[in-house]
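# Residue-level structural notes
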Amino acid sequence: MPTIRDIASVAGVSISTVSHVVNKTRFVSPSLVARVEQAIASFDEAPNFIVKKQLNAHASGDARPYVAIVSIDQRNKVFESNIDNEFSKAGLATIPFLCKEGSDKSTCLDLLKHPSCAGVVFWTENSKDAIDPDLTKVLLPHIVVGLSRRDDVSDSAFADIADGTHQAILHLLRSGHEQVAFLGLDSTEALPAYRKTIEDFGISYCEELVILDLQEEQKLFSALDALFRLDMPPTALFVSNTDI
């Protein structure tokens, strides 16, 4: 989990500047504020001291009730942004938290057990990821997104990644796209569903059209350049990882 020193290093500012930006204890120029906020956003995990500050704000009544967005193993910032927009319409804030091996579970439990927490959204890219039972035992309305099977939890809704991929690819095929490229992760159910749908439609699976584990912008550009230089380039792209 990043520290205030890590944030200061990434932003290229002093530790005291980060503290003033987070705590709003002194005027800081908009350009430096932007650098600190970008540095904080660049980390997968929200710094512990920021999560605790958000909890303290709720404890003092200075903030709206919130919904916790607990990501398992890796965050999906596009998903978090969309969820935040929807809850904002209902007058609710959101607090994201990344829960992975070695994470501070006690901080996450504090987040969920706080009186201002109105509910929790669990997110996972991989339906095989396990959600810590201690987290789902907290008596809160909760939604699990990214799981295609039901575990022993209540008041939950489940998204079927495999069926969603199948429906999307089938729509592209029926629209005349026989060269559909797959960009995303190989750790989800999306890739097997993509391959099965392609082959069931009578089209041979082509490894040249499958690009996996794109985590860096430059790799994405290189992959797209390679795809469109193929003798038979794709006419459609299916992207399973919204961070791309």
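Quick caveat, the model's predicted, so the values are computed rather than measured. (Residues numbered from 1 in each chain as written. Predicted model: local features only at pLDDT ≥ 70, side-chain atom pairs only at ≥ 80, totals over all residues. Heavy atoms only, no water.)

### A closer look at the overall build of the protein
- The secondary structure content of the protein amounts to 10 helices and 7 strands.
- Relative to its full complement of 244 residues, the protein shows a buried share of 44%.
- Long-range pairs, those at least 24 residues apart, make up 63% of the contacts in the protein between residues at least 6 apart in sequence.
- Per element, the accessible surface of the protein, about 13300 Å² overall, is 52% carbon and sulfur. (Helix = DSSP H or I, 4+ residues; strand = E, 2+ residues; numbered from the N terminus. Buried < 20%, exposed > 50% of the residue type's maximum accessible area, 1.4 Å probe, protein only. Contact = heavy atoms within 4.5 Å. Areas by Shrake-Rupley, 256 points an atom, 1.4 Å probe, with all protein chains shown as cover.)

### Topic: the sheet that holds strand β7 (residues 236-239)
- An order of β6-β5-β7 is seen for the 3 strands of this open sheet, with the pairing classed as parallel. At either margin of the open sheet sits one strand with a lone partner, and together these are β6 (210-212) and β7. Strand-to-strand twist across the sheet, computed as the mean angle between neighbouring axes with direction ignored, equals 15°.
- Sheet topology places strand β5 (residues 180-184) next to β7; 4 bridges connect them, and they run parallel. (Pairing = 2+ DSSP bridges. Axes fitted to C-alpha atoms, helices over the stretch in contact; angles between N-to-C directions.)

### Focus on the pattern of salt bridges
- Following the criterion strictly, the structure yields 4 salt bridges and no others.
- Between Glu 86 and Lys 89 there is a salt bridge whose closest N-O contact spans 3.3 Å. In this pair, Glu 86 and Lys 89 are both assigned in helix α5 (residues 77-89), 3 residues apart and thus about one turn of the helix distant.
- The exposure class assigned to Lys 89 is exposed, which follows from its relative accessible area of 66%.
- Two residues, Arg 195 and Glu 199, come together in a salt bridge whose shortest N-O distance is 3.1 Å. Of this pair, Arg 195 and Glu 199 both sit in helix α9 (residues 190-200), 4 residues apart, roughly one helical turn.
- Residue Glu 199 is classed as partly exposed on the basis of its relative accessible area of 39%. (Salt bridge = Lys/Arg side-chain N within 4 Å of Asp/Glu carboxyl O.)

### Comments concerning helix α10 (residues 217-227)
- Along α10, the residues classified as buried are Leu 220, Ala 223 and Leu 227. Down the axis of α10, the smallest arc covering the buried residues is 65°, so these residues share one side. (Arc of directions from axis to C-beta.)

### Quick look at the packing of aromatic side chains
- Applying the stated criterion across every chain, the model contains 3 aromatic pairs.
- With a centroid separation of 5.2 Å and 50° between ring planes, the pair formed by Phe 182 and Tyr 194 is classed as tilted. Separated by 12 residues along the polypeptide, Phe 182 in strand β5 and Tyr 194 in helix α9 bring together distant segments of the chain. The two residues Phe 182 and Tyr 194 agree in class, both being buried.
- On the basis of an interplanar angle of 70° and a centroid distance of 6.3 Å, the ring pair of Tyr 194 and Tyr 205 is categorised as edge-to-face. With Tyr 194 in helix α9 and Tyr 205 in the loop between α9 and β6, this residue pair connects regions lying 11 residues apart in the sequence.
- Through successive ring pairs, a cluster of aromatic residues spans Phe 182, Tyr 194, Tyr 205 and Phe 238.
- The positively charged end of Arg 195 is found above the aromatic ring belonging to Tyr 205, 4.0 Å away from the centroid. (Phe/Tyr/Trp six-rings, centres within 6.5 Å; stacked < 30°, edge-to-face > 60°. Lys NZ or Arg CZ within 6 Å of the ring centre and 35° of its normal.)

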